[in-house]
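Okay, here's what each chain looks like letter by letter:
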Amino acid sequence: MPTIRALCIREAGDPDVLELQERQLRDPGPGEILVRVAAAGVNRADVLQRRGFYPAPPGSSPDIPGLEYAGTVEATGEGVSLWKAGDAVMGIVGGGAMASHLLVHEREVMPAPANLSLEEAAAIPEAFLTAWDALFLQAGLRLGERVLLHAVASGIGTAALQLALHAGAIPIGTSRSREKLDRCATFGLRESVLVEGGAFARASKGADVILDTVGAAYATENVKALSPGGRWVMIGLLGGATGEVPLGLLLSKRAHLVGSVLRSRPLEEKAALARAFSRAIVPLFTAGKLQPVVDAVLPIERAAEAHERMERNETFGKLVLAL
C-alpha cells in the first residue's frame, strides 16, 4: 500500500484551507491501473469544491480535488490489458487527481499525445472532453453552423473554439474582457462579443448552438440569441442556478435546452467517451491540429495561488499544477 502526497481541502473556505498531506493508497484492483501523476489541471469545480458548494460524487475522494490528470502508468491490477507500466496517459476522474498517485479504471484512461509534455496533456481532458461531448454528441454541431461560446477565453472556451473551427463551424466568442477576445483571435476567432451589462443576443446575430458555462445570468439572452431550431447546451452555472427563461420564445423558436455534466456519469459512460475521444480527437493533437492552451504551470505548493487567480478571472486557457 503506497504512501502518496496529496493536496487536501482541510475544511470549506478560502484558498488557505488547501494543504499538502500524506495519505495511504491501496494497490490497484482488477481492471485498475496506478498512475504516477505528473500534472493536474485546475478547474472551476475545484474552486467550488474547496468552498463547500460542489462535493465529490460517491466513490471519489471527498477532500482531494482534481478532475483531470496526466502521468505514467506505474502498476497494473489483475486483468488489465490496455496499458502497461511506463505508458503516458491522461484522463478525467470524479476527484482526487491532485495527488502524486491515482487509481483509475483502465477503460477511463486515454493516451497522452506523444508530442506534448505531460503538463500540456493535463490541460486536455476536462476542457476538450467537455467541449467535444457538448458540441457534437449533445448538440450535433454541423458544418457551417454558428456556435456561440461563452467565456471563450476559458479552458473549455479555447477548446471549443478549436474544435468548432476544425469541424467547419462558425464560432462566436463572448467575454467581459476585450484583451481576452483579441488573444482568441490568434486561435482563429473572427466574431466576438464584448459582454457589457449582460447583453449579447443582438451582437451574436443568431446561433444554431450555444455552449453555456454561465447559467441563470445569461438565460434570457441565450433564448433571444438562438436561431429557430437552435440547441442550447448548459454545462456550467457560474452565473447562478436559478433564473427566468422566456418559455414562450423558447417554444416559438422550437429550441432545445440540454443539461450536461461529466463528473457524475457512471463508469460505462465515461469509458465509452474516453474510447471515442481517443479515436477521434487525440490524433488531432498528435498532428498539431489542436493544442491545449496553458496559461501557466505552477508547482502543487502554489495551489492556493492558482485558485486565487481563477477566482479573479485572470487566466487565459488552463492553469496546471505540477506534482
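Residues numbered from 1 in each chain as written. Predicted model: local features only at pLDDT ≥ 70, side-chain atom pairs only at ≥ 80, totals over all residues. Heavy atoms only, no water.

Chemist: Would you mind showing me how to read helix 11 (residues 303–311) here?
Modeler: The periodicity of an α-helix, 3.6 residues per turn, causes residues three or four places apart in sequence to face the same way. Those residues of helix 11 that sit buried are Ala-303, Ala-306, His-307, Arg-309 and Met-310. Projected onto a plane normal to the axis of helix 11, the buried residues spread over an arc of 160° and lie on a single side. Following helix 11 by one or two positions, Asn-313 has its phi on the positive side, about 55°. (Buried < 20%, exposed > 50% of the residue type's maximum accessible area, 1.4 Å probe, protein only. Helix = DSSP H or I, 4+ residues; strand = E, 2+ residues; numbered from the N terminus. Arc of directions from axis to C-beta.)

Chemist: Explanation requested: the pairing of strand 4 (residues 68–76) in the structure shown.
Modeler: Sheet topology note: the strand 3 (residues 32–42)/strand 4 ladder contains seven bridges and is antiparallel. The residue bridging Leu-34 from the neighbouring strand is Ala-75, located in strand 4. (Pairing = 2+ DSSP bridges.)

Chemist: Please explain the packing of aromatic side chains as it appears in this structure.
Modeler: Two measures describe an aromatic ring pair: the distance that separates the ring centres and the angle between the ring planes. Scanning all chains against the criterion turns up four aromatic pairs. Here Phe-128 and Phe-285 contribute two aromatic rings whose centre-to-centre distance is 4.8 Å and whose plane-to-plane angle is 80°, an arrangement assigned as edge-to-face. With Phe-128 in helix 3 (residues 125–138) and Phe-285 in helix 10 (residues 282–286), the pair connects residues that are 157 residues apart, well separated along the chain. Of the two residues, Phe-128 and Phe-285, both sit in the buried class. Judged by centre distance (4.8 Å) and plane angle (55°), the ring pair of Phe-200 and Tyr-218 falls under tilted. Taken as a pair, Phe-200 in the loop between strand 10 (191–194) and helix 6 (201–204) and Tyr-218 in the loop between strand 11 (207–212) and helix 7 (219–225) lie far apart in primary sequence, 18 residues in all. On the accessibility criterion, Phe-200 (2% relative accessible area) is buried. By relative accessible area, Tyr-218 is classed as buried at 6%. The ring centre of Phe-316 lies 4.1 Å from the NZ or CZ of Arg-183, which sits over that ring. (Phe/Tyr/Trp six-rings, centres within 6.5 Å; stacked < 30°, edge-to-face > 60°. Lys NZ or Arg CZ within 6 Å of the ring centre and 35° of its normal.)

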